[in-house]
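Summary of the model geometry
Residue-level listing of the chains:
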Amino acid sequence: MTKDIDTLCVDTIRTLSMDAVQKANSGHPGTPMALAPVAYELWQNHLRYDPADPVWPNRDRFVLSAGHASMLLYSMLFLAGVKKVDEDYNITDEPACSLHEIENFRQLHSRTPGHPEYRWTTGVETTTGPLGQGIATSVGMALASKWQGEQFGSELFDFDVYALAGDGCLMEGVSHESASLAGHLKLDNLCWLYDNNHITIDGATSLAYDDDVLSRFEGYGWNVLRVGDANDRGLLARAFEEFKAETGRPTLIVVDSHIGWGSPNKQDTESAHGEPLGEEEVRLTKKAYGWPEDAKFLVPDGVLEHFQEGIGKRGAEESAAWRQKLENGDQMRAAAIETMQRRGLPEDWDAGIPSFEADEEKGLATRKASNKVENAIAEKVPWLISGSADLTDSTSVRLTFDGAENFEPGSFNGRQVHYGIREHAAATACNGLSLCKLRPLWSTYLTFSDYGRPGIRLSALMELPVIHLFTHDSIGLGEDGPTHQPIEQLASLRAIPHLDVIRPADANEVAEAWRCAVDRTHNPVALVMTRQTVPVFDRSKYASAEGARRGGYVLADCEGEPELILIATGSEVQLALGAHEALVGEGVRSRVVSLPCWEIFDRQDQAYRDSVLPPAVTARLAIEEGSPQGWERYVGAQGRIMGMTTFGQSAPFKDVEAEFGFTADNVAKVAREVAATGNSTT
Ligand SMILES: Cc1ncc(C[n+]2csc(CCOP(=O)(O)OP(=O)(O)O)c2C)c(N)n1
Ligand SMILES: [Mg+2]
């Protein structure tokens, strides 16, 4: 082949992608073929990235938002010689993505799944998720870079974030929220590359899309550049340089491209998007590239070496210089960075967590208690970043100690992010923050968790310790009525694997919930709090709230073996206790189990779970102001569930709760019925 080395490298990316998709007989060849020069130019000549240290904290991030083009990323990881990192962040000698993995594209247990998945493949900076999530995540990463730069020094943290998006990403609503937020925050370290190819799955974009993308992004306050031909590496290089020189605005580079570039019969067609080209078309395309037609997975001599001389050498020098700076600098700072990178916590992180005096009369809304606990922890954990989608005070997530400023241009080490009324963007930005090892929290009302759901789901899929905090957690929010009253949200959040949903009953359970939420390196939590006041239980009369650490515990008990178990979460625990007191007075051997977190309880050993919910006691009643779905597994076939099977009502909260039977008297009444049916095994 008589190609210059750069073209040889670009065509290697193209042909590897075509071959992998063809061999898997499934996948998306057209976009990697079109964007190979873009990825090549970026990685080889601009991206600050050390393939031998892919977890270097100040590396530039490359996010493939158009995740269907996964072979583009896998080709880059392979060709750049990125090393695999193990679970303890040790760099191994193994490649992150070998040629063998590329040959096993989309196969069981390969490191080359259909779409990039964080944790499965070193070098994948985030899971793709639904279209638009990648670019939304990149905003959080850019925010993290700014925060870390301000906190630890811009000589240590000033990484850029690149995200590659297609028409799909930009059509998605979340792109609007995220671009608007990034423009507002003046994230000039953020560069989105828009693959302007006029094609989506259904065909030409003109079927559904006529946005003037340039004006749109100018309207958000972005720096908008255009590269009229994806194959023009000179123009691409200039655009990347312009991005780096730009201050005060994020950059969008619109790149005009041709899907399936070079394929004689498939270029510019939707079929190049999501189908293998076909053996014959692969041959014809290779011929058009001047490539050996029958060669498969060919990596011509000199290609790997060329990458080593480019990104490899540059990255090694840059990361070594960074380590030197870290070692020569303040050692306390270096230690803090190391702790943060490993998702650790300062030693005394929980020293200030308050315990709350019993107050069964006046009580305290769990959201209010939550604010006290959050502040106590955040003061000790500098990288805990609070935020809200315009409900900072209603959801009680404002940090109030000295130095807890807003995160905004001019004070990028602020701790309070105002995400605006942008729940999709907020939830997903938190994933970006977490991927850069900060400990983010965002909040809204529980009903609106629906708007953050893709981000919540991805935090669970990626096993990121993000805190999703929701208040106004039931019909108990009262007057705002059915639009605001969550019904199915608890059940639907509980349905997400790896997400712990914690709904504490009182202030002291709130403290325990926060402890669980922060003291973890993997897995997100949803903290669910009341708007309304609830009693702070007298723990000298009832069991210690420490039981909440096990997800569920016996809060109140009877003499001897119970014959009836009342199980509740959150604000309904007080109803269970009220009913319990009445029943015990009547001689019923009743027990109250507070079950703030199903998931944590389910992870306890069988003996513990049986001690809380003895299998012999089948007379059980669950009380929760939400969908009854899922409670069967705790109450069993003979148990009853008091839940919500309709939407709520707008009225003062006591009236709404009474309307739906959520009073201690009514719980006692239903409990008597349950107790009367007896226990099947006794
Ligand atoms: C939220 C979401 N909706 C739908 C899809 C299915 N999907 C995958 S790619 C795609 C079309 C994307 O078009 P574009 O971004 O222009 O990519 P191109 O074909 O140009 O590479 C669709 C609809 C998805 N992945 N995510
Ligand atoms: Mg497209």
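Before any of the text, the structure's been laid out above.
Heads up: these notes are all about the structure in this document. (Residues numbered from 1 in each chain as written. Chains lettered and ligands numbered in written order. Predicted model: local features only at pLDDT ≥ 70, side-chain atom pairs only at ≥ 80, totals over all residues. Heavy atoms only, no water.)

1. Comments concerning the state of the cysteines
Under the definition given, this model contains 0 disulfides. Considering cysteine sulfurs only, Cys-9 is the nearest to Cys-97, which forms no disulfide, with 16 Å between them. Look at Cys-97 and you get buried, because its relative accessible area is 1%. The thiol sulfur of Cys-597 is not disulfide-bonded, and the nearest other cysteine sulfur, from Cys-516, lies at 7.3 Å. For Cys-597, a relative accessible area of 1% translates into the label buried. (Disulfide = S-S within 2.5 Å. Buried < 20%, exposed > 50% of the residue type's maximum accessible area, 1.4 Å probe, protein only.)

2. Some remarks on the sheet that holds strand 21 (residues 620–623)
Spatially, the 5 strands line up as an open sheet ordered 18-20-19-21-22, and their pairing is mixed. The strands lining the two open edges of the sheet, one partner per strand, are strand 18 (553–556) and strand 22 (640–642). Recorded for the sheet is a direction-independent mean angle of 30 degrees between the axes of neighbouring strands. In the packing of helix 19 (residues 573–585) onto the sheet, contacts are made with strand 18, strand 19 (564–568), strand 20 (590–594) and strand 21, and the angle to strand 20 comes to roughly 170 degrees. (Pairing = 2+ DSSP bridges. Helix = DSSP H or I, 4+ residues; strand = E, 2+ residues; numbered from the N terminus. Axes fitted to C-alpha atoms, helices over the stretch in contact; angles between N-to-C directions. Contact = heavy atoms within 4.5 Å.)

3. Brief notes about the coordination of the magnesium ion (ligand 2)
Taken together, Asp-167 (OD), Asn-197 (OD1) and Ile-199 (O) make up the full set of protein donors to the magnesium ion (ligand 2), lying 2.1 Å away. Between consecutive donor residues of the magnesium ion (ligand 2), the sequence gaps follow D-x29-N-x1-I. Of this pair, Asp-167 sits in helix 6 (residues 167–171) while Asn-197 sits in the loop between strand 5 (190–196) and strand 6 (199–200), and the two are 30 residues apart along the sequence. Asp-167 gets classed as buried once you look at its relative accessible area, which sits at 3%. Assessed through its relative accessible area of 7%, Asn-197 is described here as buried. (Donors = N, O, S within 2.8 Å, 3.2 Å for Na, K, Ca; no water.)

4. Structural notes on the pairing of strand 21
Neither face of strand 21 is exposed, since Arg-620 and Ala-622 on one face and Leu-621 and Ile-623 on the opposite face are all buried. Bridging between strand 21 and strand 22 involves 3 bridges; their strand directions are parallel. By the bridge assignment for strand 22, Ala-622 is matched with Ile-641.

5. Examining the packing of helix 3 (residues 70–80) against helix 12 (residues 303–328)
One way to put it is that helix 3 packs onto helix 12 with a least axis distance of 8 Å and a crossing angle of 85 degrees. It follows from the interaxial angle that helix 3 and helix 12 lie roughly perpendicular. Contact residues: helix 3 offers Met-76, Phe-78, Leu-79 and Ala-80, while helix 12 offers Val-303, Leu-304, Phe-307, Gln-308 and Ile-311. Considering only residue class, the contact of helix 3 with helix 12 consists of 8 nonpolar, 1 polar and no charged. (Parallel < 35°, antiparallel > 145°, perpendicular 65-115°, else oblique. Nonpolar A, V, L, I, M, F, W, Y, C, P; charged D, E, K, R; others polar.)

6. Some remarks on the site of ligand 1
As a matter of local geometry, ligand 1 sits amid 14 residues, with Thr-31, His-68, Gly-168, Asn-197 and His-273 nearest to it. Between ligand 1 and Thr-31, the relevant distance is 2.5 Å, taken from an oxygen atom to a side-chain nitrogen or oxygen of the residue. Asn-197 is positioned such that a nitrogen or oxygen atom in its side chain is 2.6 Å from an oxygen atom of ligand 1. Here ligand 1, which alone exposes 590 Å², has 73% of that area covered by the protein. At the level of elements, helix 6 and strand 6 are the ones that each hand at least two residues to the shell around ligand 1. In terms of residue class, the shell around ligand 1 is built from 5 nonpolar, 7 polar and 2 charged. (Near = heavy atom within 4 Å. Polar contact = N/O pair within 3.5 Å; in protein donor to acceptor, adjacent residues only side chain to side chain. Areas by Shrake-Rupley, 256 points an atom, 1.4 Å probe, with all protein chains shown as cover.)

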